[in-house]
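# Understanding the architecture of this molecule
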Amino acid sequence: SLQRMLNAYAVHNPEVGYCQGMNMIAGLLLLISNNEEESFAVLATLMDDLGLCEFYKEGFPRLQAYLKAVDEHMARVAPDLVTHFTKEGVELKMYLQ
């Protein structure tokens, strides 16, 4: 049923299609409701009406915006940590994705 639900969403919204990570959301919805149609309706609402699809569109626009916000926030609140990470070759986005 998870595969059917993800395939159905890919057909429903071809601009987004399927992207790795959507299975976690769809799977959780199926576990909670145990009803494929209900789970699909909630997934479609989350993605289409509440903007979650912006995390999964080509180029990942919402994810990129969030990563930039985290970088800016960390530079303000923990500049020494950011400097240390930079010296070690660690980018925040490495562990935030």
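Now for a description of the structure that goes with this document. (Residues numbered from 1 in each chain as written. Predicted model: local features only at pLDDT ≥ 70, side-chain atom pairs only at ≥ 80, totals over all residues. Heavy atoms only, no water.)

## Examining the nonpolar core
- The biggest cluster of nonpolar side chains holds 13 residues, and the ones touching the most others in it are Met5, Tyr9, Val16, Met22, Leu43, Met47 and Tyr56.
- Listed by contribution, the elements that provide at least two residues to this core are helix 1 (2-12), helix 2 (22-33) and helix 3 (36-49).
- If near-sequence neighbours (up to four positions away) are discounted, Val16 is found in contact with Tyr9, Met22, Met47, Cys53, Tyr56 and Lys57. (Core = buried A, V, L, I, M, F, W, Y, C linked by side-chain atoms within 4.5 Å. Buried < 20%, exposed > 50% of the residue type's maximum accessible area, 1.4 Å probe, protein only. Helix = DSSP H or I, 4+ residues; strand = E, 2+ residues; numbered from the N terminus. Contact = heavy atoms within 4.5 Å.)

## A few points about unusual backbone geometry
- With phi around 60 degrees, Asn34 is a residue other than glycine that occupies positive phi space.
- Within the secondary structure, Asn34 is located in the loop between helix 2 and helix 3.
- Of the residues examined, Asn34 reaches a relative accessible area of 70% and is grouped as exposed.
- Positive phi values are uncommon outside glycine, yet Phe60 reaches one of about 50 degrees.
- Mapped onto the elements, Phe60 comes out in the loop between helix 3 and helix 4 (61-77).
- A relative accessible area of 33% places Phe60 in the partly exposed class.

## Things to note about the layout of surface pockets
- Approximately 160 Å³ is the volume attributed to the second largest pocket.
- Lining the second largest pocket we find Gln64, Leu67, Lys68, Asp71, Ala75, Val82, Phe85, Thr86, Val90, Glu91, Leu92 and Lys93.
- Counting residues per element, the ones that place at least two in the lining of the second largest pocket are helix 4 and helix 5 (79-88).
- The leading source of residues in the lining of the second largest pocket is helix 4, at 5 residues.
- Here the lining of the second largest pocket is built from residues that sort into 6 nonpolar, 2 polar and 4 charged. (1 Å grid on protein atoms, 1.4 Å probe; cavity = no way out; pocket = protein on both sides within 12 Å on 5 of 7 lines; lining within 4 Å. Points joined across faces, edges and corners; volume = space filled by probe spheres on them. Nonpolar A, V, L, I, M, F, W, Y, C, P; charged D, E, K, R; others polar.)

## Observations regarding the pattern of salt bridges
- According to the stated counting rule, one finds 4 salt bridges in the structure shown.
- Close ionic contact of Arg4 with Glu36 constitutes a salt bridge, the shortest N to O distance being 2.9 Å. With a gap of 32 residues between them, Arg4 in helix 1 and Glu36 in helix 3 connect regions that are remote in the sequence.
- A salt bridge links Lys57 to Glu54, with the shortest nitrogen-to-oxygen separation between them at 2.8 Å.
- Among the charged side chains, a network of salt bridges with common partners joins Glu15, Glu54 and Lys57. (Salt bridge = Lys/Arg side-chain N within 4 Å of Asp/Glu carboxyl O.)

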